[in-house]
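Residue-level structural notes
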Amino acid sequence: MTRPVLRAVIRGSGSALPERCVTNAELATQVDTTDAWIVERTGIRARHIAGDGETTSSLATLAARRALAAAGIDAAAIDCIILATATPDQTFPATATIVQHNLGAHGGIAFDVAAVCSGFLYALTTADALLRGGNARRALVIGAETFSRILDWQDRTTCVLFGDGAGAVVLEAVEVDPADPAAPGIIASRLHADGAYNDMLYVDGGPSTTQTVGKLRMKGREVFRHAVTNLASVLEEVLADAGLVAGDIDWVVPHQANLRILDATARKLALPPEKVIVTVDHHANTSAASVPLAFDEAVRDGRIKPGDLVVFEAMGGGFTWGAALVRI
Ligand code: UT7
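Residues numbered from 1 in each chain as written. Predicted model: local features only at pLDDT ≥ 70, side-chain atom pairs only at ≥ 80, totals over all residues. Heavy atoms only, no water.

1. Quick notes on the site of the ligand
Around the ligand sit 23 residues in total, of which Thr33, Arg41, Arg221, Asn258 and Asn285 are the nearest. Residue Arg260 places a side-chain N or O atom 3.0 Å away from an oxygen atom belonging to the ligand. Here Asn285 contributes a side-chain N or O atom positioned 2.6 Å from an oxygen atom of the ligand. In terms of residue count, helix H7 (residues 220-242) provides more of the shell around the ligand than any other element does, four residues in total. (Near = heavy atom within 4 Å. Polar contact = N/O pair within 3.5 Å; in protein donor to acceptor, adjacent residues only side chain to side chain. Helix = DSSP H or I, 4+ residues; strand = E, 2+ residues; numbered from the N terminus.)

Written as C-alpha cells, this is what we have:
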C-alpha cells in the first residue's frame, strides 16, 4: 500500500424544503407569464417558497439534522460548519453560527461562504482543505437559501426561476490509499471566479451601498451562454486532475438553473442525459442549495450508491463556478 493520505469522505446527506409548493399555474395568476413559457424555456414546473417562520437558518438546521442522522454522527462531534448562502438570516453573525447553536454544537469552526449559486462547491472545497489540513475532523457543509425574499415579484424574467430550500452533507477526514481507485472521498475540485461579469447577476442593494436588502437582477441570456462554456470546461479540468474521462462518471449532480443548461452541458461532454440528476422541475433554482438538494434526493431514492463516482458542478453570480469529483 502507498502512504495513506487524508480524504474528506461524504458520510451522509440531508435536505429540507419549505412547506408551501407553488406551481407555474399559481404564479401565472400573479405575474404576466404562462406555465407553457416557463416549462419550455427552463423545465421548471414548481418551486417551494418559504412561509412565515421559515428562514435560511431553519431550513439549514433541518437539512443538517437529517444529514447527521443519515451519517449516524452526533452534532457534538462536528467541529466545522460551513454554510453557503446569498440570503443569510442577518448580515452578521454568520448563519452558520445560528445553525451551530440550533444543533447544540459548540466551539468548532463556523462561517458562511458567499459565492451565490456556486456556494456549495466553494464551501465543499474549503471544508475539504480544512479536513485534509488537520484543522477539523468532521464538517457539515450546507447550502441554504430563501431567494424568494430577494426576488422582484413584478419582474417575470426572474421571479419565476427561483425557489427556497436547503441541503447538507457531513464530511469526515479518513485515511485512504491514494492508489486505490475505489477509495472514497473528494478526489479533485476546481473553483473559478471572474468579477468582470459581476453586473450580469446581482442584487441591487446591500448594507454598504443602499442600506437596503435589494432585489435580484439578471441578464439571463448572457448568464446562460457563459454557464454552458464554463461548466463544460471546469468538468473537464477536474476529470483531467483525477486522470479520468467523462465515461467514468456515474452521476452528474449539476446546479439546477435551467434544464436547457443541463442538457447543453451534458451534450458538450457527450454524457448521456440519464446520468444527470434533475430536480429543477420541482425545486427551480435554489442557488447554493440546489446541488446538495439534488444529491440528497438521488441518494435517498437509491440512484446514487456507495462506490459511485459523482461530479458536482455549479455556476453563478460573480461569475463564480466550480466542480468537484467525489467517490461516494
Ligand atoms: O443560477 C445562476 C445561473 N442562472 C442561470 O443560469 C440563468 C440563465 N438564463 C436562463 O436560464 C435563460 O436565459 C432564461 C430562462 C432566464 C430566459 O430564457 P431565454 O430563452 O434566454 O429568454 P429571453 O430572456 O431571451 O426572453 C425571451 C422572451 C422575451 O420576450 P421578447 O423580447 O422576445 O418579446 C421576454 O420578455 O420571453 C419573454 N419572457 C417571458 N415571457 C413569459 C421573459 N420572461 C418571461 C416569463 N413569461 N416569465
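2. Some words on the domain arrangement of the protein
Segmenting the protein into domains produces domain 1 (5-176) and domain 2 (185-327). Computed over C-alpha atoms, the centres of domain 1 and domain 2 are 14 Å apart. Contact with domain 1, which involves 54 residues of that partner, is made by 49 residues of domain 2. Summed over both sides, the interface of domain 1 with domain 2 buries roughly 3,900 Å², with 64% coming from carbon and sulfur. Applying the counting criterion to the domain 1 and domain 2 interface returns one salt bridge. With its nearest N and O atoms 2.9 Å apart, the salt bridge here joins Arg217 to Asp152. (Domains from an automatic or database assignment. Contact = heavy atoms within 4.5 Å. Buried area = accessible area lost by both parts, 1.4 Å probe. Salt bridge = Lys/Arg side-chain N within 4 Å of Asp/Glu carboxyl O.)

3. What about the sheet that holds strand E12 (residues 309-316)?
Overall, mixed pairing links the four strands, which are arranged E8-E13-E12-E11 in an open sheet. One side of each edge strand has no neighbouring strand; the edge strands of this open sheet are strand E8 (185-193) and strand E11 (251-254). With strand direction ignored, the average angle separating the axes of adjacent strands in the sheet is 15 degrees. Sheet analysis places E12 next to strand E13 (residues 320-327), joined by eight bridges and oriented antiparallel. Its bridge partner being in E13, Ala314 is matched across the sheet by Gly322. (Pairing = 2+ DSSP bridges. Axes fitted to C-alpha atoms, helices over the stretch in contact; angles between N-to-C directions.)

4. Regarding the environment of Gly167
Among the structural elements, Gly167 can be located in strand E7 (residues 164-176). On a C-alpha basis, the gap between Gly167 and Ala16 in space is 6.4 Å, while along the polypeptide they are 151 residues apart.

5. What about the sheet that holds strand E4 (residues 80-84)?
Read across the open sheet, the five strands follow the order E1-E7-E6-E4-E5; overall the sheet is mixed. In the strand order of this sheet, the two ends are held by strand E1 (5-16) and strand E5 (109-113), each with one partner. Direction aside, neighbouring strands of the sheet carry axes that sit 20 degrees apart on average. For E4 and E5, the ladder comprises five bridges, and the chain directions are parallel. Along E5, the bridge assignment pairs Cys80 with Ile109. The sheet contacts of helix H3 (residues 56-71) involve E1, E4, strand E6 (138-146) and E7, and relative to E1 the element is tilted by about 120 degrees.

6. Some details on the state of the cysteines
One pass over the structure, following the stated rule, counts zero disulfides. For Cys159, which is in no disulfide, the shortest distance to another cysteine sulfur is to Cys21 and amounts to 15 Å. With relative accessibility at 0%, the residue Cys159 sits in the buried group. (Disulfide = S-S within 2.5 Å. Buried < 20%, exposed > 50% of the residue type's maximum accessible area, 1.4 Å probe, protein only.)

7. Remarks on the pattern of salt bridges
Applying the stated criterion across every chain yields a total of twelve salt bridges. Residue Arg11 is joined to Glu172 by a salt bridge in which the shortest nitrogen-to-oxygen separation is 2.7 Å. Highlighted residues: Arg11 in strand E1 and Glu172 in strand E7, separated in sequence by 161 residues. Among the ionic pairs, Glu26 bridges to Arg20, the shortest N-O distance being 2.9 Å. When its relative accessible area of 28% is taken as the criterion, Glu26 is described as partly exposed. Residue class for Arg20 comes out partly exposed when judged on its relative accessible area of 43%. If you follow the salt bridges from partner to partner, you end up with Arg11, Arg138 and Glu172 in one network.

8. Structural notes on the side chain of Ser148
Position of Ser148 among the secondary structure elements: in the loop between E6 and helix H6 (156-159). Here Asp164 takes part through its side chain, which lies 2.6 Å from a polar atom of the side chain of Ser148. The residues contacting Ser148, other than those within four sequence positions of it, are Ile49, Ala50, Trp153 and Asp164.

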